[in-house]
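Residue-level structural notes
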Amino acid sequence: MFPYAPWLVWLLPIISSLFIPLVSRLSNKARNCFALTVSLIALIFALSMIPDVYHLDAAESYELCVPWIPWVNISAGVYLDSLSILLACLVTFFGFIITLYSLGYMAGEEGLTRYYFFILLFIGSMTGLVLSDNFFQLFIFWEMVGLCSYSLVSFWYKKPESVRAGMKVFLMTRIGDVFLLAGICLLYVNLGSYSFHYIADNIRQVPLPVLTAAAFLMLGGAVAKSAQLPLHTWLYSAMEAPTSVSALLHSATMVKAGVYLIARLLLVFGFSATLIPMWLPSILWIGTITAFIAATLALSTPDIKGVAAYSTISQIGFMFAALGTAYDAPSTGWFAGVLHLVSHAFFQGLDFLLIGGIVHAVKTRDMRLMGGLRRDMPVTFGLSLIVLLSRAGIPPVISFFSKELAISSVLSSGNIIAASILYLSTALTFAYALRVLILVYLREKTEHVKQIHVHEASKIMLLSAAVLAALCVITGMFGEAISGIMHFHAEMGLSEVFSSSTLILLMVLTISGSAVYLTYYKKPALLEILHGTPIGRILERGYYFDALYGVAAKGFLALSNGIRAVENRFFSQTPQFLANCVIILAHKIREYVDVLAEEMLYVVTNKTLTSASKLKRLPSNTINHYIAAALIGFVIILLLIIVTMWMTGWAV
């Protein structure tokens, strides 16, 4: 509808971020209003693109390009299809909501000019990532998203734990970035282009071994960015960021970039994705195992933000598992992964906005110090019930349909074991969601809560949360509209709510909910028994992933220090060794020259004496010839002496 919207939707936030320091000189209020206005305009631009793609066929897309680096066949452009526009709308919407929420949550903090600068840059970078029309441009935005996440996670740089968390995020995600870049380069070397359209049209020209290597390298990039096993531990550490930043990270930006990459690769590779040995099964099992492991960790951590972090890791595991069954795109698995990305964004964003208000009120993230907040924070409690229903996937919220489609796609692929693990993960999801509700709201107040004045969050924070809560409830009614935008026909109505899969889900949730209610509400002494068991210690230490990485890092550091010590010793002793060798060689040369000169002098002297004795018997006219010969001999001896002295001095 607006021809420049695909460009301005990401250019506007990026360029506007540069003006934040200038606007802040006018006043803090002007700076805040400027950031909020820019995020709102970006959202309007994104929404204006929906009609452009709604009436397209499933295989159709727009590609708008301008020359950038023509001598290596690189252009700058935007790629408009259902996936990119849906993600652009999601990113800009949450960018606006989080910016609005920040007006209340971040009020009074130092460094807000830096904060809003990176928020706008973050929104623009992530929007540019999902709208890029080629891998080269995608990778640039991929790195910009990483830079913004590092800067925002370590926003409170005066706290050592925030700095350490930022460095951990930066280093662990860089591992995936190297993998992604290597995969992109492999495709470029074989096809000579980064363009999605060109690669999709010529993907069969890539030899299967090369395509396999590129696909697995890119999968490594997605695993690191979306915090999947084994590169998942950075997301828990990133909870040192302001809660508003956590909401933005988890709902629609950095951790969703890996999911978007896999969904985009399935579209670009097309049927060739099914020919790559073990690629799709690897995506399926990485997601399945991650969903289970992260759910168990969410059930064990006492940190309320940590529960949300592990919940995100687990739910992204569901997305990966669904995408791993996508033997065609769009298909049930592909659509289920994308739909769960959307539904998770709403309830996880809502959860973090509520957590921000709770942490502000009780001054701690430890749920063991909370309790009884349902009386002091009734609005927050009511909105938390919506989080519980959405996270567990209770019908008719949209997460019910997305989870049901994800598990159904896994069952349809014949992976009964993976589907069973996902059902178990769903039970654990309800368990840790109910555990949070009991520890924070339902049980009696702790001594910590009794000593402080607990109050509701500010109106602007509650308003932002209420918008997301409403969307969590009503988006379930528009599931078929979303499927229409994605060009996939999916039934999401009462027939699915009253299906056999719903009955299985309710049975699973009843069992897990009863166990949590008994453990945390009726007989909390059971927890002490659990903590003393080996399983409790394993969960408490996060399956020792960080400890393993610590040992590996120490081993690598020790190896590098050893190599450095050998290197320093070698290069420090080498000059002395060479100098000694030169001295020894010089002495040997001097001795040889001395002996040679003495021998030559002896021979010449003997010859001279012999010639002199013969002079007496010669005629007088030949004496002159012998005198000349003698003079020549003398000159030769003199030259030998000079040469000997010079060589001796050089050797010394």
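Details of the structure are given in the entry above.
To keep things clear, this report deals only with the structure shown in the data block.

1. Re helix α5 (residues 82–105)
The terminal C-alpha atoms of α5 lie 34 Å apart, and with 24 residues this matches the ideal 34 Å at 1.5 Å per residue to within 8%. Counting buried residues in α5 gives 23 out of 24 residues, a clear majority hidden from the surface.

2. Points about the packing of helix α13 (residues 254–269) against helix α15 (residues 304–323)
Running from N to C, α13 and α15 cross one another at 0 degrees; their axes reach a closest spacing of 11 Å. Between α13 and α15, the crossing angle belongs to the class labelled roughly parallel. Touching Val-255, Lys-256, Gly-258, Val-259, Ile-262, Ala-263 and Leu-266 of α13 are Thr-312, Ile-316, Met-319, Phe-320 and Leu-323, all from α15. Residue classes in the contact of α13 with α15 are distributed as 9 nonpolar, 2 polar and 1 charged.

3. So, empty space enclosed by the protein
Taken as a whole, this structure holds 4 cavities of 30 Å³ or more when the rule is applied. Space inside the largest cavity adds up to approximately 150 Å³. Surrounding the largest cavity, 15 residues form its lining, Asp-351, Ser-384, Val-387, Arg-391 and Val-436 being those nearest its centre. Secondary-structure elements contributing two or more residues to the lining of the largest cavity are α15, α16 (332–362), α18 (378–392) and α20 (416–442). In terms of residue class, the lining of the largest cavity is made up of 12 nonpolar, 1 polar and 2 charged.

4. What about unusual backbone geometry?
Residue Pro-230 is reached from Leu-229 by a cis peptide bond, and omega for that bond is 0 degrees. Considering the arrangement of structural elements, one finds Pro-230 in the loop between α10 (208–225) and α11 (233–237). Backbone geometry at Met-278 places phi at a positive 65 degrees, although glycine is not the residue there. Considering the arrangement of structural elements, one finds Met-278 in the loop between α13 and α14 (279–300). Phi is positive for Lys-363, close to 60 degrees, though the residue is something other than glycine. Among the structural elements, Lys-363 can be located in the loop between α16 and α17 (373–376). According to the relative accessible area criterion, Lys-363 is exposed, its value standing at 63%.

Conventions used here
- Counting of residues starts from 1 at the beginning of each chain's written sequence and follows it residue by residue.
- In view of the model being predicted, local features appear only for residues whose pLDDT reaches at least 70, and side-chain atom pairs are presented and counted only at 80 or more, with totals across whole chains, interfaces and linings using the full set of residues.
- Side-chain numbers here rest on the full set of heavy atoms in the structure, without hydrogens or water.
- A run of DSSP states H or I qualifies as a helix once it reaches four residues; a run of E qualifies as a strand once it reaches two. Both are numbered from the N-terminal end.
- How far a helix is expected to stretch is found by multiplying one less than its residue total by 1.5 Å.
- Burial here depends on accessible area, computed with a 1.4 Å probe over protein chains only, as a share of the maximum for the residue type. Under 20% is buried, over 50% is exposed, and the range in between is partly exposed.
- In this analysis an axis means a line fitted to C-alpha atoms, helices contributing only their contacting stretch, and an angle means the value between N-to-C directions, from 0 to 180 degrees.
- Angle categories are assigned with fixed cut-offs, so that under 35 degrees is roughly parallel, over 145 is roughly antiparallel, 65 to 115 is roughly perpendicular, and the rest are oblique.
- We call two residues contacting when some pair of their heavy atoms lies within 4.5 Å.
- Charged residues are taken to be Asp, Glu, Lys and Arg, nonpolar residues to be Ala, Val, Leu, Ile, Met, Phe, Trp, Tyr, Cys and Pro, and polar residues to be all remaining types, Gly included.
- A 1.4 Å probe that fits but cannot get out identifies a cavity on a 1 Å grid over protein atoms alone, an open set with protein on both sides within 12 Å along at least five of seven lines counts as a pocket, and a residue lines either if it has an atom within 4 Å of a point.
- Grid points are joined across faces, edges and corners, and a volume is the space filled by probe spheres set on the points.

Keep in mind these numbers describe shape, not what the thing actually does.
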